[in-house]
Structures are given as structure tokens and as C-alpha cells.
Amino acid sequence: MPEPKKGAVVITGAAGDLGSHLVSKYAEDGFTVIAADIEPVAKRERVVPLVVDITDREAVFALAARAADQAGGLVSWINSAGIFVPTDIAEADEANWHRTIAVNLTGTFFGCAAAFEVMRNEGGGRIVNLGAVAGRRGGLDVHPAWAASKEGVHALTRVYAAAGAPHGILVNAVAPGLIESQATQLFADEDRERLTESHPLKRLAHIEEVAAAVRFLTSPEASYVNGTILTVDGGANVGH
Ligand SMILES: NC(=O)c1ccc[n+]([C@@H]2O[C@H](COP(=O)([O-])OP(=O)(O)OC[C@H]3O[C@@H](n4cnc5c(N)ncnc54)[C@H](O)[C@@H]3O)[C@@H](O)[C@H]2O)c1
């Protein structure tokens, strides 16, 4: 008997550390993965790579239409694209403010809106946004637009969760602490070491640990989880 079609999962930021890990996992699970990024992603079995700038509303809606056309329709949408600009706060500039808000917040808004439209017509689905604990507690050594944009992503998540519930659309966010990744390699070595040393677990997160939370939120087991900001920070937020 052929396996039932599992439908399409859209992942933005699919060329990034978290995105590319998620692409592999969902493809292994038998989903058709629409892997969108401003950078090219390699084509492989069950992976449809698309170059998309998430700050381009029309392109993001076209991405959703493409996913809806896949066998099984659009089942999950993961907004993982984001940018991160390490800066001394005193030197935070306006250009990086606008760019960070455009990608992290407006781009995630376009992703939510495009997925929402398709999923409402299809009778449900899952949306997972990537926030950050910095959105909740503030973050030093990085442009202030980072924390502001991520708290905005948390707010967007709650709005779409409330709007989506009557249509069977569950919307949640994962709020990671710092991850062992190319993004955190952008910190000066001494800043990264200080952040690691001050962490209760004395290490940053592994990509797999954050990906597991995202995958939980799109799994059948998470059928009653909606509007949650799932913190995955190893307890960086407690005990201080
Ligand atoms: N790495 C961390 O420590 C950390 C911590 C907290 C939250 N996050 C969030 O998790 C998500 C994934 O992080 P990551 O470590 O994989 O980051 P990453 O930098 O490795 O990947 C981000 C991807 O987004 C893509 N991108 C940037 N601008 C885009 C645009 N306009 N359109 C389409 N794609 C665009 C980049 O090309 C890149 O491939 C991001 O939203 C990030 O903000 C990461």
C-alpha cells in the first residue's frame, strides 16, 4: 500500500542552521518541504527549494499558494528566517533597526498572514514562529531591534492563535536562548565565552534541542497547544 500523502511544510530561513536541520527532519518524516530562503537551498528528494525574500509580501503569498498546490495541501508553516546584528547598544544604527524589524517582524507577519489564508480555506494547520528569550528579557550585545522584533513575534503569535482557533489553525512560537550556531559566532569570542560561562548549564543550546520543540508544536501530540511561547533556553531565565 502506498504511504498516505503527508502534505507540505513550508520552512522559511531554510538555508540557516535551524532551518536546514528542520528541512532534513521533515523530509525524512515524509513531508514535502518547501524550503524558502533568500539564499539558495539545494534540491533533493521531497525538498522544493525556493528563493524568497520574506520582506516581499507578494512573494510570501505566492509561496503559500505553491504549498497549497502540493499533494495533501499545506499542513505546517515555520517562520525561521531572521537576522541578528551584534552591536554595542551605544552604536546601534537606524539602518539595522529598519532591516531587523523588516525581516524578523514584518517578514514573520507576512508568513503568518499567507499561511493563515491558505489554512483557513483548507480547514486547519500549524504555524510556528521563531521568537527569542531576548524578546522577553532584553538582550545586550545585539542591536535592540533584535529583542523588539522578537517580542513583536511573540505578540503576533498570540494574535494569530486567537484568530486561527475557530478555523483549526494552531499558532505557537519557540523562544530559544542562544544557540551554538553561525549566528552566535558573530559575537566577539570574549562575549560568547562570557554568555556561556554565565549560563546555568554552562553551554549554549544545540540546534537539535530547539528543532525538537518546533517539531513538537507541529506534531499530533500538540493538538491542544495554542498561543504558547515555548521557551527553550536551558533555564537562562531562572535563578538569577
Ligand atoms: N541562533 C540563535 O542563537 C538564535 C537565538 C534565538 C532565536 N533565533 C532565531 O531562530 C531562527 C533561526 O536561527 P538560525 O540560527 O538558524 O539563524 P541563521 O542565520 O542560521 O538562519 C537564518 C536564515 O534566514 C535567512 N534570511 C535572512 N533574511 C531573509 C529574508 N529577507 N528572506 C528570506 N530568508 C532570509 C538567512 O539567509 C538564513 O539562511 C531565527 O529566526 C533566529 O532569529 C536564533
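Basis of the calculations
Numbering of residues begins from 1 in every chain and follows the order in which that chain's sequence is written. Restriction of local features to residues with pLDDT of at least 70 applies here, the model being predicted, together with a cutoff of 80 or more for giving and counting side-chain atom pairs; totals for whole chains, interfaces and linings are based on all residues. Excluded from the side-chain calculation are hydrogens and water; included are all heavy atoms of the structure. Secondary structure follows DSSP: runs of H or I at least 4 residues long count as helices, runs of E at least 2 residues long count as strands, and numbering of each begins at the N terminus. We take the radius of gyration over the C-alpha atoms and set the globule estimate at 2.2 Å times the residue count to the 0.38 power. Burial status follows relative accessibility: with a 1.4 Å probe on protein chains alone, a residue under 20% of its type maximum counts as buried, one over 50% as exposed, and anything between as partly exposed. Residue contacts follow a heavy-atom distance rule, with two residues in contact if any of their heavy atoms lie within 4.5 Å. Positive charges come from Lys and Arg, negative ones from Asp and Glu, while His and the chain ends are left out of the count. Charge positions come from single atoms, namely NZ of Lys, CZ of Arg, CG of Asp or CD of Glu. Strand pairing requires that DSSP identify at least two bridges connecting the strands. Helix axes are fitted to C-alpha atoms over the stretch in contact, other axes to C-alpha atoms as well, and angles between N-to-C directions run from 0 to 180 degrees. Any residue with a heavy atom positioned within 4 Å of a molecule or strand is treated as near that molecule or strand. Identification of polar contacts relies on pairs of N or O atoms within 3.5 Å, with a donor-acceptor requirement for protein atoms, meaning one able to donate a hydrogen and the other able to accept it, and with residues adjacent in sequence counted only if both atoms are side-chain atoms. Three categories are distinguished: nonpolar for Ala, Val, Leu, Ile, Met, Phe, Trp, Tyr, Cys and Pro, charged for Asp, Glu, Lys and Arg, and polar for the others, with Gly belonging to the last. Should an angle lie under 35 degrees it is considered roughly parallel, over 145 roughly antiparallel, and from 65 to 115 roughly perpendicular; all remaining angles are considered oblique. Take the far helix as your reference; a near helix turned counterclockwise from it by less than a right angle gives a left-handed crossing, and one turned clockwise gives a right-handed crossing. What makes a nonpolar core is a set of buried Ala, Val, Leu, Ile, Met, Phe, Trp, Tyr and Cys residues whose side-chain atoms join them at distances within 4.5 Å.

**Q** Honestly, the overall build of the protein in this entry has me stumped. Any pointers?
**A** Summing up its helical and strand segments, the protein has 8 helices and 7 strands in all. A compact globule built from 240 residues would reach a C-alpha radius of gyration of about 18 Å, and the protein, at 17 Å, matches this within 12%. The C-alpha extent of the protein, read off along each of the three principal axes, is 55 × 35 × 35 Å. Out of the 240 residues belonging to the protein, those deemed buried represent 49%. Taking the intrachain contacts of the protein between residues at least 6 apart in sequence as the baseline, contacts between residues at least 24 apart amount to 69%. Between the centroid of the 20 positive side chains of the protein and the centroid of its 29 negative side chains there is a distance of 8 Å.

**Q** I would appreciate a short explanation of the sheet that holds strand β3 (residues 47–51) in the present structure.
**A** One key point about sheets: their strands pair by backbone hydrogen bonds, in either a parallel or an antiparallel sense. A sheet is described by the order of its strands in space; here 7 strands give the open sequence β3-β2-β1-β4-β5-β6-β7, paired in parallel fashion. If you trace the sheet from one side to the other, it starts and ends with β3 and β7 (229–232), each paired once. Between one strand axis and the next, the sheet turns by 20 degrees as a mean value, whatever way the strands run. The pairing of strand β1 (residues 8–12) with strand β2 (residues 32–37) spans 5 bridges and is classified as parallel. Each bridged residue has a counterpart across the sheet, and for V10 the counterpart in β2 is I34. Those strands touched by helix α5 (residues 144–164) are β5 (125–130), β6 (169–176) and β7, and its axis lies near 160 degrees from that of β6.

**Q** Please clarify how unusual backbone geometry should be interpreted in this entry.
**A** Leaving glycine out, the prevailing phi sign among residues is negative, and the prevailing peptide bond configuration is trans. Even without glycine at this site, R46 takes up a positive phi of about 65 degrees. Positionally, R46 belongs in the loop between β2 and β3. The exposure class assigned to R46 is partly exposed, which follows from its relative accessible area of 39%. One non-glycine residue with positive phi stands out, namely D141, at about 70 degrees. Positionally, D141 belongs in the loop between α4 (133–137) and α5.

**Q** What exactly am I supposed to notice about the site of the ligand here?
**A** Around the ligand there are 29 residues in total, and L18, D37, D53, I54 and I179 lie nearest to it. One nitrogen or oxygen atom from the main chain of G16 is found 3.0 Å from an oxygen atom belonging to the ligand. Contributing elements (two or more residues each) for the shell around the ligand: α1 (17–28), α3 (94–122), α5 and α6 (182–185). Here the shell around the ligand is composed, by residue class, of 15 nonpolar, 8 polar and 6 charged.

**Q** Can you help me understand the packing of helix α2 (residues 57–68) against α3 in this one?
**A** A pair of packed helices is captured by two measures, namely the crossing angle of their axes and the spacing between those axes. At their nearest, the axes of α2 and α3 sit 9 Å apart, and the two run at 30 degrees to each other. Between α2 and α3, the crossing angle belongs to the class labelled roughly parallel. α3 is crossed by α2, and the crossing has right-handed handedness. Along its contact with α2, which presents R57, V60, F61, A64 and A68, the element α3 presents F110, G111, A113, A114, E117, V118 and E122. Residue classes in the contact of α2 with α3 are distributed as 8 nonpolar, 1 polar and 3 charged.

**Q** Before we go on, may I ask you to explain the environment of G19 in this structure?
**A** As for its placement among the helices and strands, G19 is situated in helix α1. Taking the C-alpha atoms as reference points, G19 and N79, 60 residues apart in sequence, are found 9.0 Å from one another. For G19, the contacting residues outside a window of four places in its chain are I11, G13, A14 and S80.

**Q** How should the nonpolar core be read in this particular structure?
**A** Among soluble globular proteins, nonpolar side chains are generally buried collectively. Among the nonpolar cores identified, the biggest contains 31 residues, and I34, L63, L74 and W77 are the most heavily contacted of them. In terms of residue count, the dominant contributor to this core is α3 (9 residues). Beyond its immediate sequence surroundings of up to four residues, I34 is in contact with A8, V9, V10, I11, V48, L50, L63, A67 and Q70. In terms of nonpolar packing, the next biggest core, distinct from the first, is built from 26 residues, V41, V47, I78 and V174 among them.

**Q** Can you help me understand the environment of T87 in this one?
**A** Examined against the element boundaries, T87 turns out to sit in the loop between β4 (74–79) and α3. Between the C-alpha atom of T87 and that of L18, which follows or precedes it by 69 residues, the distance is 22 Å. Excluding residues within four positions of it along the chain, T87 makes contact with A92, D141, V142 and H143.

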